[in-house]
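# Examination of the molecular architecture
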Amino acid sequence: MVLALLVSGIVLVLVLLGLFVFGLRRRLIQRSGGTFDCSLRWNVPEGQDTAADPSGKGWIYGVARYNGDRIEWFRVFSYAPRPRRILERDAIEVLHRRTPQGEEELALLSDSLVLACRHRGTRLELAMSEDALTGFLAWLEAAPPGQRVNVA
């Protein structure tokens, strides 16, 4: 009986510690400001559209942070202190925007818009709120003089 209580107590402490570390990591990411919730679907096949694949598979929930001329994207459910993906402003080409279709609506945050992009030859999709999308597009268009901007 004592052993069961001890094991249960240790498991509870480990779960609480894990949740605390998740919260602390997110706080550290957001500390520098310029963050927004952003789901990512990386390496989307070129001909794929939601009519062909309405399942909503491949979306990963994350937090993006502006850092100079790049966007750093972090997975939410990770302990990694470094960004999972880095998108450079001059390499992002916006293809089109759309609303989530089919089961995507369940996989993404409510009121998300999907922005199809290409980054160094890799097709990706970003899903974010309308306010975050406005800020993202403004950030893209605010490139320093001489840099190309690819906003559709």
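As the structure is a computational prediction, the values presented were derived from the model and not from experiment.

## Focus: the sheet that holds strand β6 (residues 92-98)
Strand order across the open sheet formed by four strands is β2-β8-β7-β6, with antiparallel pairing between neighbours. The open sheet is flanked by β2 (39-42) and β6, the only strands paired with a single partner. Looking at each pair of strands side by side, their axes are set apart by 25° on average, direction ignored. Pairing between β6 and strand β7 (residues 112-119): six bridges, direction antiparallel. Bridge pairing in β7 links Ile 92 to His 119. Sheet strands in contact with helix α3 (residues 130-141) are β6, β7 and β8 (122-129), and its direction is about 130° off that of β8.

## Some thoughts on the UniProt feature "transmembrane region" (unreviewed entry) in the protein chain
Annotation from UniProt places "transmembrane region" (unreviewed entry) at residues 6-24. Secondary structure across residues 6-24 divides into 100% helix and 0% strand, with the first and last C-alpha atoms of the span separated by 27 Å.

## Overview of the pairing of strand β4 (residues 70-75)
Inspection of the sheet shows strand β3 (residues 62-67) paired to β4 by six bridges, in the antiparallel sense. Bridge pairing links Ala 64 to Trp 73 in β4. Sheet topology places β4 next to strand β5 (residues 85-88); four bridges connect them, and they run antiparallel. Across the sheet, residue Arg 70 finds its bridge partner in β5, namely Glu 88.

## What about α3?
With twelve residues, α3 extends 17 Å from end C-alpha to end C-alpha; this agrees with the ideal 16 Å at 1.5 Å per step. Among the residues making up α3, those that are buried are Ala 132, Leu 133, Phe 136, Leu 137, Trp 139 and Leu 140. In a view along the axis of α3, the buried residues occupy a sector of 155°, so they form one face of it. Turned more than 90 degrees away from the buried face of α3 sit Glu 130, Asp 131, Thr 134 and Glu 141, all of them exposed.

Calculation criteria
- Residues numbered from 1 in each chain as written.
- Predicted model: local features only at pLDDT ≥ 70, side-chain atom pairs only at ≥ 80, totals over all residues.
- Heavy atoms only, no water.
- Pairing = 2+ DSSP bridges.
- Helix = DSSP H or I, 4+ residues; strand = E, 2+ residues; numbered from the N terminus.
- Axes fitted to C-alpha atoms, helices over the stretch in contact; angles between N-to-C directions.
- Contact = heavy atoms within 4.5 Å.
- UniProt positions renumbered as here; feature names shortened; annotations may be inferred.
- Expected span 1.5 Å × (residues − 1).
- Buried < 20%, exposed > 50% of the residue type's maximum accessible area, 1.4 Å probe, protein only.
- Arc of directions from axis to C-beta.

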